[in-house]
Amino acid sequence: MKAALFLASLCWFIFRASATEPADANDIRDRGAAHLAELTAQPWLAEWKGSKLEDIRLVEQKKDLTWPTGLPSAWWAKITHSDKGTGYLAWDSGGDGKIIEFAFDAAIAVDAPNAKTLQGVPALQQFAIPQKDGSAIASGCVPTSAASVLGFWIERDYPQWRGDAGAAPLQALTKRIRARLNMQAIPDKDGYTDDAMTLAGAMPDELAQAIQTDADEHRVPIRSSVSRFRYEALQTEISAGRPVLLSCIVRLPHKPQLSWGHEVAGVGWAKLGEVRFVGILDNFYPVKNPATIRWLRSDAFDSLITISPAP
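Quick caveat: nothing in here was measured; it's all calculated off a predicted structure. (Residues numbered from 1 in each chain as written. Predicted model: local features only at pLDDT ≥ 70, side-chain atom pairs only at ≥ 80, totals over all residues. Heavy atoms only, no water.)

Student: Which residues make up the overall build of the protein, and what values do they have?
Tutor: Along its length, the protein carries six helices and 16 strands. For 311 residues, the compact-globule formula gives about 19 Å, and the C-alpha radius of gyration of the protein, at 19 Å, lands near that figure. The buried share of the protein, taken over its 311 residues, is 57%. Look at the contacts in the protein between residues 6 or more apart in sequence, and 67% of them connect residues 24 or more apart. Entry remark: accessible area of the protein is about 13500 Å², with carbon and sulfur atoms responsible for 50%. Computed over 33 positive and 36 negative side-chain charges, the inter-centroid distance for the protein is 3 Å. (Helix = DSSP H or I, 4+ residues; strand = E, 2+ residues; numbered from the N terminus. Rg over C-alpha atoms; globule rule 2.2 N^0.38 Å. Buried < 20%, exposed > 50% of the residue type's maximum accessible area, 1.4 Å probe, protein only. Contact = heavy atoms within 4.5 Å. Areas by Shrake-Rupley, 256 points an atom, 1.4 Å probe, with all protein chains shown as cover. Lys, Arg positive; Asp, Glu negative; His and termini not counted. Charge placed at Lys NZ, Arg CZ, Asp CG, Glu CD.)

Okay, here's the thing in structure tokens:
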């Protein structure tokens, strides 16, 4: 069960929130508007001032989800801007109604006292891999996110890590790392994919070892290690110019009634007041701009894989 649920890593912590909701529709809109104003007050989001929230709705997890994650209901809204485009915003339906996550569909570089992102980490979405019976299986979030991070290191310091990747290096890297993992096929009974394509899962501790083995075989002097997620460790890695790999339990941004254990590339951090966020490249998020960063509250994360030059 554990391996099946974890498309990345299933941690056994569960978000808990009060079932209390704002008193009326005006309270809901006002809270969302206040959150949006806080975001667009940040220097790195100033171009999104004038944005509006549309389609505000209460999202509850699919009641018969095959692998329930225990995530509570949340308020979900579409962000629209007449010139810049769209995004989304989610906040707690109970308690203090804090922001859960947000994204703006754009390439946004961040370098501020309270926030920072890395540039140059290639984004890759999961893709279909043909099976012997003619059906397709997803590449899987674990090896797909790893390919993004390896792609960063190949372009920056270690071209030999490319190996014989060929014309589609990120997909080739995904398949190469995938072959080193104990991948589990997971039937899509809940509608994660639009065509019911079989999903694929693996574990982050195996990923850390697979990356190390692959690096050793290509004579790449790095050290790959996995640990429990710590926000301070994330900040250290981003400040040092090193992307990380993260496991988390999250909703699908485009189908928030669904959630899962997920592996992603970590590329940033931000603090808005007392709330801490992690910037990720999500390999299962259809956006117009591939460089779009999805910002998730830090309590979504479980494990952290670092890749750094060997001493």
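Back to the text.
Student: Would you mind going over the packing of aromatic side chains in detail, with residue names and values included?
Tutor: Scanning the model with the defined rule gives twelve aromatic pairs in all. Both rings, one in Phe102 and one in Phe277, keep their centres 5.4 Å apart while their planes meet at 70°; by these two values the pair is edge-to-face. Residue Phe102 is found in strand β4 (residues 99–104), and its partner Phe277 is found in strand β14 (residues 275–281); the two are separated by 175 residues along the sequence. (Phe/Tyr/Trp six-rings, centres within 6.5 Å; stacked < 30°, edge-to-face > 60°.)

Student: Break down the state of the cysteines for me, with residues and values.
Tutor: Under the definition given, this model contains zero disulfides. Take Cys248: it sits in no disulfide, and the sulfur closest to it among the cysteines is that of Cys141, at 8.3 Å. Owing to a relative accessible area of 0%, Cys248 belongs among the buried residues under this scheme. (Disulfide = S-S within 2.5 Å.)

Student: Account for the pairing of strand β13 (residues 255–272), with residues named and values stated.
Tutor: Among the 18 residues in β13, 16 count as buried, and that is most of the element. Across three bridges, the pairing between strand β6 (residues 115–117) and β13 is antiparallel. Bridged to Ala115 within β13 is Ala270. Where strand β12 (residues 244–252) and β13 come together, nine bridges link them in antiparallel fashion. Note that in β13 the partner of Ile249 across the bridge is Gly261. Both β13 and β14 contribute to a ladder of seven bridges, which runs antiparallel. Across the sheet, residue Trp269 finds its bridge partner in β14, namely Val278. Linking β13 back to β14 in an antiparallel pair, the connection comprises two residues, with Gly273 at a positive phi of about 65°. (Pairing = 2+ DSSP bridges.)

Student: Requested: an account of the environment of Ser308, with residues and values cited.
Tutor: You can see Ser308 is positioned in strand β16 (residues 301–309). Assessed through its relative accessible area of 19%, Ser308 is described here as buried. Counting along the chain gives 84 residues from Ser308 to Ser224, while the straight-line C-alpha distance between them is 6.8 Å. Setting aside anything within four residues of it in sequence, one finds Ser308 in contact with Pro221, Ile222, Arg223 and Arg242.

Student: Which residues make up the packing of helix α3 (residues 141–156) against helix α4 (residues 169–178), and what are the values?
Tutor: Where α3 contacts α4, the axes come no closer than 8 Å and their chain directions differ by 120°. In terms of orientation, α3 and α4 fall into the oblique class. At the point where α3 passes α4, the crossing takes the right-handed sense. Between α3, through Pro143, Thr144, Ala146, Ala147, Leu150, Gly151 and Ile154, and α4, the contact on the second element is made entirely by Leu170, Leu173, Thr174, Ile177 and Arg178. (Axes fitted to C-alpha atoms, helices over the stretch in contact; angles between N-to-C directions. Parallel < 35°, antiparallel > 145°, perpendicular 65-115°, else oblique. Left-handed = near helix turned anticlockwise from the far one by under 90°.)

Student: A description of the pattern of salt bridges should follow, citing residues and the corresponding values.
Tutor: Inspection of the entire model under this criterion finds 19 salt bridges. For Glu47, the salt bridge identified is with Lys84, shortest N-O distance 2.9 Å. Highlighted residues: Glu47 in the loop between α2 (25–40) and β1 (52–59) and Lys84 in the loop between β2 (74–81) and β3 (85–92), separated in sequence by 37 residues. A salt bridge links Glu155 to Arg162, with the nearest nitrogen and oxygen atoms 2.8 Å apart. Taking relative accessible area as the criterion, Glu155 reaches 60% and is therefore assigned exposed. The structure contains a network of salt bridges with shared partners spanning Arg176, Arg180, Asp214 and Glu217. (Salt bridge = Lys/Arg side-chain N within 4 Å of Asp/Glu carboxyl O.)

Student: Residue-level account of the pairing of β16, with values.
Tutor: In terms of burial, β16 is largely enclosed, as eight of its nine residues are buried. As defined by bridge partners, β12 adjoins β16 across four bridges and the pair is classed as antiparallel. For Cys248, the partnering residue across the bridge sits in β16 and is Phe301.

Student: Go over the confidence of the model for the protein with me, naming the residues and quoting the values.
Tutor: With 92% of its residues at a pLDDT of 70 or more, the protein has an overall mean of 92. Every residue in residues 1–22 scores below 50 in pLDDT, and together they form 73 contacts with partners more than four places removed in sequence or on other chains. (pLDDT = per-residue confidence, 0-100.)

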